[in-house]
Amino acid sequence: MRGFHWVTSLVAGVSLCLVAASASAGAVTDQFRSGAFGLPWSAGKTAIQAKYPGGNWDRDEAGVERYCAAARQPLLKLPAQHQSRELCFLIGGDGTMASATARMDASLPSLLAVVNRSRTMFGDFDAVRRDEGAIQSRFTYMLWTRDTPLVVVVGSSNDADGRPEMVAFTVADEASLFTSGAEKVSNRPAGTR
C-alpha cells in the first residue's frame, strides 16, 4: 500500500508540473509584440533589405510583395541545427512588414522541433489549413490565432513520397494573410468542449 501512495503522489506531482508548464507558456504577443528577427513591425522595405542584404524581391502566390534572403538565424531558442536557412518578409498594405518567415531545412527533425517548441511556448495550435481532398496530405499549416492580429504559423509540405519539401515558421501581424481557409480545431476530448 505504501508503494501505491508513492506512485499516486508521483503522478499528482507530474500532473501539477504539466499544468504549471502549460499555464506559463508564453503568448505569441509576449514574444513578438515589437517585431520579429530583429525588425519592428513598422519596418519598411529599405530597413528590411538593410538588415538582411543580398536577397531578392518578388511576389508570393497571392501577389503580396516579398523579400527573401539567406540567413542563419536562431529560432525559438532551438539548437543550432534548427536555425533558419532563409528569411522571407511580406510587405503589408501599409508598406510595412506584415510577416516574417524562417524557412528551415526540410526534414522531419526540423518540423518536429519547431512544432514541439511552438506548442511549449504558445500552447496547442487552434486552427489548421491542409489539402483535405488528398489521400495523403501534401501540406499542413498549424496556426496559433488566439493573439490576433499576431499569429504564428508552422507550415510544412511533402513530396509525393511523403518526404518534407518545406518546413517554415511564420509570425505575422496581419492575420488575414494566413487565416483565410483555416479551420478552427479543438485539442480537448469530445465530451469536454
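Whatever comes next refers back to the structure up there.
My aim in this report is to walk through the structure given alongside it, one point at a time. Nothing here was measured: the structure is a model prediction, and the numbers come from that model.

Ranked by internal contacts, the top residues of the largest apolar core, which has 37 residues, are F32, Y52, L76, F89, V114, F122 and F169. Contributions of two or more residues to this core are made by α2 (28–32), β4 (65–70), β5 (86–91), β6 (97–104), α4 (108–122), β8 (139–144), β9 (151–158) and β10 (164–172). Sequence-distant contacts of L76, that is, excluding residues within four places in its chain, are made with F32, V114, R117, S118, M121, F122 and F169. L90, V151, A172 and A175 belong to the second-largest nonpolar core, a separate cluster that totals 9 residues.

Here we take up α4. Taking 1.5 Å per residue as the helical rise, α4 with its 15 residues ought to reach 21 Å, and the 21 Å between its terminal C-alpha atoms agrees with that figure. Taken as a whole, α4 has its buried residues at S110, L111, A113, V114, V115, S118, M121 and F122. Where the residues of α4 are buried, they touch α2, β6, β8, β9 and β10. G123 sits one or two positions beyond α4 and adopts a positive phi of about 85°.

Reading guide: rules and limits
- Residues numbered from 1 in each chain as written.
- Predicted model: local features only at pLDDT ≥ 70, side-chain atom pairs only at ≥ 80, totals over all residues.
- Heavy atoms only, no water.
- Core = buried A, V, L, I, M, F, W, Y, C linked by side-chain atoms within 4.5 Å.
- Buried < 20%, exposed > 50% of the residue type's maximum accessible area, 1.4 Å probe, protein only.
- Helix = DSSP H or I, 4+ residues; strand = E, 2+ residues; numbered from the N terminus.
- Contact = heavy atoms within 4.5 Å.
- Expected span 1.5 Å × (residues − 1).

On their own, these measurements won't tell you what the molecule is for.
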